[in-house]
Amino acid sequence: MDETMTETVQTAPFAPFEWMLSARYLRARRKEGFISVIAGFSFLGIMLGVATLIIVMAVMNGFRKELLDKILGLNGHILVQPLESPLTDWKDVAERISQVEGIRLAAPVVDGQALASSPWNASGVLVRGIRSDDLNNLTSIAKNIKQGSLEGFDDGQGVAIGRRLADQLSLHAGDSVTLVAPKGAVTPMGTTPRIKPYKIVAVFEIGMSEYDLGMVFMPLAEAQAYFNRSNDVTSIEVFTTNPDRIDVFRKAVTEAAGRPVFLVDWRQRNSTFFNALQVERNVMFLILTMIVLVAALNIVSGLIMLVKDKGSDIAILRTMGASQGSIMRIFLITGASIGVVGTLVGFFVGLVICLNIESIRQFLSWLTSTELFSPELYFLSKLPAEIDVGETTAVVIMALTLSFLATLYPSWRAARLDPVEALRYE
């Protein structure tokens, strides 16, 4: 009898009856309800894990891209500062740098701290003196003018301020804003603050709260007079065509300057910020991967219980001629189906949420009557999401791999089940 019971029938891998039995085991009857519940939680775990991973990675990528675009759109990719002597020859230096291949703009600037005030409020600001042509070449400003225009910027007595600053001071284009600098005229009584009103010719909004609230642009000549500069500038902001090739441009800019200069590129100026973003992104990926891992372990426990419950069925199949490979494939299909379907559903859920994440944020803000994703804390005025095809593919492959690996041991255990012993204790 043992020989008859161990005689197997060779069938093609993944034969129709294997798929049929796997589908039947997934539709558990009432007495197997607990196994069905475990399978359901495994499906939900993998689905939520994959969707959450895709959403979080997309939001992290969106954060980095938006912040990088806005920071590099306003600040130069290379900051040229003077060494040994002030930049009184800034016109010649800027002209030589602008001739370097790949340099889009070399803008001399004068930076200074001031207090912007109105009859209703006051706020500390960074005043940046810049030439009119250079300001018009800054697309992050020129293409985001919400009130007024930059045409009146040439007059010398007009300034451009951010939208959030204008709202805080309750001012609009055409109104006057008073700027107070700590170092003004030198008198026998000491240095007095410099207080001067300026007409607001333009109000811009680039979508980054730090700049929209704290930046004021002033004509370069006026800024030199306002901050007591002796025809020199603070630095030269250099914009390149490709920020990722900054090392190549550094050498060319140093040679073109023709004088001792100190260079700081965008990676050095924002290293702490972007390193923190990268660390946070990697940690979130590891933490959220645990969700998928826990769901995969649920598949293991569910399949082990299913194998235990279906011991007599496995024994009968073996006595009817089913091979160990067939038994193993049946339970492989059962467990892998949970992982594959959960991964695919999670992928589509994550994709839909990423494509509509700002609308979802606005709805949740309206529903809870709270401001989710505050611009003051997160710098950006809207929630960004940038889906990276490579990362999303890696998440899907990882979830599928864990799902398949989770089915190996229970399937192997089912295939190794001795039919005689299973029927004896049934």
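Above this text sits the structure in question.
Cut-off values and rules
- Residues numbered from 1 in each chain as written.
- Predicted model: local features only at pLDDT ≥ 70, side-chain atom pairs only at ≥ 80, totals over all residues.
- Heavy atoms only, no water.
- Core = buried A, V, L, I, M, F, W, Y, C linked by side-chain atoms within 4.5 Å.
- Buried < 20%, exposed > 50% of the residue type's maximum accessible area, 1.4 Å probe, protein only.
- Helix = DSSP H or I, 4+ residues; strand = E, 2+ residues; numbered from the N terminus.
- Contact = heavy atoms within 4.5 Å.
- Phe/Tyr/Trp six-rings, centres within 6.5 Å; stacked < 30°, edge-to-face > 60°.
- Salt bridge = Lys/Arg side-chain N within 4 Å of Asp/Glu carboxyl O.
- Pairing = 2+ DSSP bridges.

## Concerning the nonpolar core
Among the nonpolar cores identified, the biggest contains 103 residues, and Val 80, Ile 97, Leu 179 and Phe 217 are the most heavily contacted of them. No other element matches the 16 residues that helix H3 (residues 33–74) contributes to this core. With near-sequence residues (within four places) excluded, Phe 217 lies in contact with Leu 74, Arg 128, Ile 130, Leu 135, Ile 141, Phe 153, Gly 158, Val 159, Ala 160 and Phe 204.

## Quick word on the packing of aromatic side chains
What the rule picks out here adds up to five aromatic pairs. Plain terms: the ring middles of Phe 204 and Phe 217 are 5.7 Å apart, the flat faces sit at 65° to each other, and that makes the pair edge-to-face. With a gap of 13 residues between them, Phe 204 in strand S9 (residues 194–204) and Phe 217 in strand S10 (residues 215–219) connect regions that are remote in the sequence. Of the two residues examined, Phe 204 and Phe 217, each falls in the buried class. With centroids separated by 5.0 Å and ring planes inclined at 90°, the aromatic side chains of Tyr 226 and Phe 227 adopt a geometry described as edge-to-face.

## A short note on the pattern of salt bridges
A complete count under the given rule lists 13 salt bridges for this structure. A salt bridge links Arg 269 to Glu 237; the shortest N-O distance between them is 3.3 Å. Remark: Glu 237 occurs in strand S11 (residues 235–240) and Arg 269 occurs in helix H11 (residues 266–269); sequence separation between them is 32 residues. Owing to a relative accessible area of 31%, Arg 269 belongs among the partly exposed residues under this scheme. Across the pair Asp 265 and Arg 267 runs a salt bridge whose closest N-O atoms are separated by 3.3 Å.

## Observations regarding the environment of Pro 193
Here Pro 193 shows up in the loop between strand S8 (190–191) and S9. Separated by ten residues in the primary sequence, Pro 193 and Lys 183 have C-alpha atoms spaced 5.2 Å apart.

## Section: the pairing of strand S5 (residues 158–162)
In terms of burial, S5 is a largely internal element, five of the five residues being buried. Because side chains alternate across S5, one face comprises the buried residues Gly 158, Ala 160 and Gly 162, and the other comprises Val 159 and Ile 161, equally buried. Examined bridge by bridge, S5 and S10 share two bridges and lie antiparallel to one another. Bridge pairing links Ala 160 to Phe 217 in S10.

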